[in-house]
Amino acid sequence: GGGGGVYQTAPFTLGPHTTLTVQGTIRGVSDQYKFPAIQALPSYGRDADMRGKRRRQALVSAKHVNNITIRGDGVIDGAGWYWYPFFKNFSAAHNIGRPHLVEIENCTGVEISGVTLRDPAFWTLHPVYCTDVHIHHMTIDAPMCRNYRCPNTDGIDIDSCQNVLVEHSTIECGDDHVTILAGKLRNNRAPPTRNVTVRHNILGRGMGLAIGSSTAGGVSDVLYYNNTMTQISGFGNGQGAHIKMRTRFGGYVKNISWIDNVFHYVSGPAIYVESGYQSGWKRTCTNSSGDLSCTEVDNITIKNMVVHSGSDGGSINCFDNAPCTNFHFENIKIHNKRKNHKPIIACKNVASGTVVGGALREMFDEQSCTSLETLP
């Protein structure tokens, strides 16, 4: 789009060594039949939205190509308000899932900068099976709604990728600001995600900085550094640092750090490690490769974290058959929005970890967190 106009379009695909420069507004057409039905990703097997075998093609996509650049000071608009009722009313044609706004699949050398991504039908920005991705100085503006009127409007979903840097961007959304994923299908069907840094970003409304819940391929070596969540009000179930594990995805979450992050307002737990996330009654797992596979959690650091107004300290809730190991907590300050209410972090199935300082140790539940060693 050029010249500041609004250009409506059906989905389109970028070829190799392509630069898309957006100066006006590119807006998706409000017609689901203009969006081709494509197969679910091989690491998922089923669409993440409607759980069927097919999903709608992203408005802007690239697949199996190298050196893709999306830049400019314009807007890519997903016309999401056309799509949201399909989820709410179960009215999508042939039960085909909503499209992502931008999806870059199996590409090497990806740069996205400058542009604003607005009103996605589903996830906003989804790099998957990619290597060497740089996302910077761009804006995501996705809505947050009550009662699932605009569900699953994540900001950035980094999925089975390696060598990713997200920095100096502004993200407002209705779900996770950023989450790190690695597919749902085990037995080497989902590639791992590793070497991801998310730093120096401004986070408006949304649900925090997460890992999971799709971790079948394994997630490792992730750093959330010096991000600021400025949200001052909200009704979402937002967290600060969030690890989500389902009972059947398995995989691992290792070498993950949240360092020097500031949250001005968190409507949910400030720190939340959640086993059995959206798993119904299946709150247990096994160490086998069966239908209730465990996720291994090891070497997690949360350091220099400030929450200016929070509802709850949080909990570290790991699976019975797969206790979490090697947590490290240091210099965490959580100011509860309720006067005279001390934030408490509870533990369940935490095998080992360290807490630096007696003052911080008082934030952890005395009875349930006995496995955490206090360091001076």
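Here we summarise the structure given alongside this text.

Cut-offs applied
- Residues numbered from 1 in each chain as written.
- Predicted model: local features only at pLDDT ≥ 70, side-chain atom pairs only at ≥ 80, totals over all residues.
- Heavy atoms only, no water.
- Helix = DSSP H or I, 4+ residues; strand = E, 2+ residues; numbered from the N terminus.
- Buried < 20%, exposed > 50% of the residue type's maximum accessible area, 1.4 Å probe, protein only.
- Polar contact = N/O pair within 3.5 Å; in protein donor to acceptor, adjacent residues only side chain to side chain.
- Contact = heavy atoms within 4.5 Å.
- Salt bridge = Lys/Arg side-chain N within 4 Å of Asp/Glu carboxyl O.

### Some thoughts on the side chain of Asn336
Alright, step 1. Mapped onto the secondary structure, Asn336 falls in strand E30 (residues 325–336).
Alright, step 2. Assessed through its relative accessible area of 15%, Asn336 is described here as buried.
Alright, step 3. Here the side chain of Asn336 touches Ser311 through a polar contact of 3.3 Å, landing on its backbone oxygen.
Alright, step 4. Residues within four places of Asn336 in sequence aside, it is in contact with Gly310, Ser311, Asp312, His341 and Pro343.

### Description of unusual backbone geometry
Alright, step 1. Cis geometry marks the peptide bond from Gly212 to Ser213; its omega dihedral reads 15°.
Alright, step 2. Note on placement: Ser213 falls in the loop between strand E22 (209–211) and strand E23 (219–225).
Alright, step 3. Despite not being glycine, Asp132 has its phi angle at roughly 65°, a positive value.
Alright, step 4. Checked against the element boundaries, Asp132 lands in strand E14 (residues 131–136).
Alright, step 5. You can call Asp132 partly exposed: its relative accessible area is 39%.

### So, the pattern of salt bridges
Alright, step 1. Tallied over the entire structure, the rule returns ten salt bridges.
Alright, step 2. Among the salt bridges present, the one from Arg55 reaches Glu103, with a minimum N-O distance of 3.1 Å. One end of the pair, Arg55, is in strand E6 (residues 54–56); the other, Glu103, is in strand E10 (residues 102–105), with 48 residues separating them in the sequence.
Alright, step 3. Relative accessible area serves as the criterion here: at 4%, Glu103 is assigned to the buried category.
Alright, step 4. Ionic pairing is found between Lys244 and Asp176, a salt bridge with its closest N-O pair at 2.6 Å. Within this pair, whereas Lys244 is found in strand E25 (residues 241–245), its partner Asp176 is found in the loop between strand E18 (170–172) and strand E19 (178–181), the two being separated by 68 residues in sequence. As far as the burial class goes, Lys244 and Asp176 line up, both buried.

### Description of the environment of Val262
Alright, step 1. Summarising the element assignment, Val262 is placed in strand E27 (residues 262–263).
Alright, step 2. Relative accessible area serves as the criterion here: at 23%, Val262 is assigned to the partly exposed category.
Alright, step 3. Apart from the residues within four sequence positions on either side, Val262 is in contact with Asn227, Thr228, Met229, Val306 and His308.

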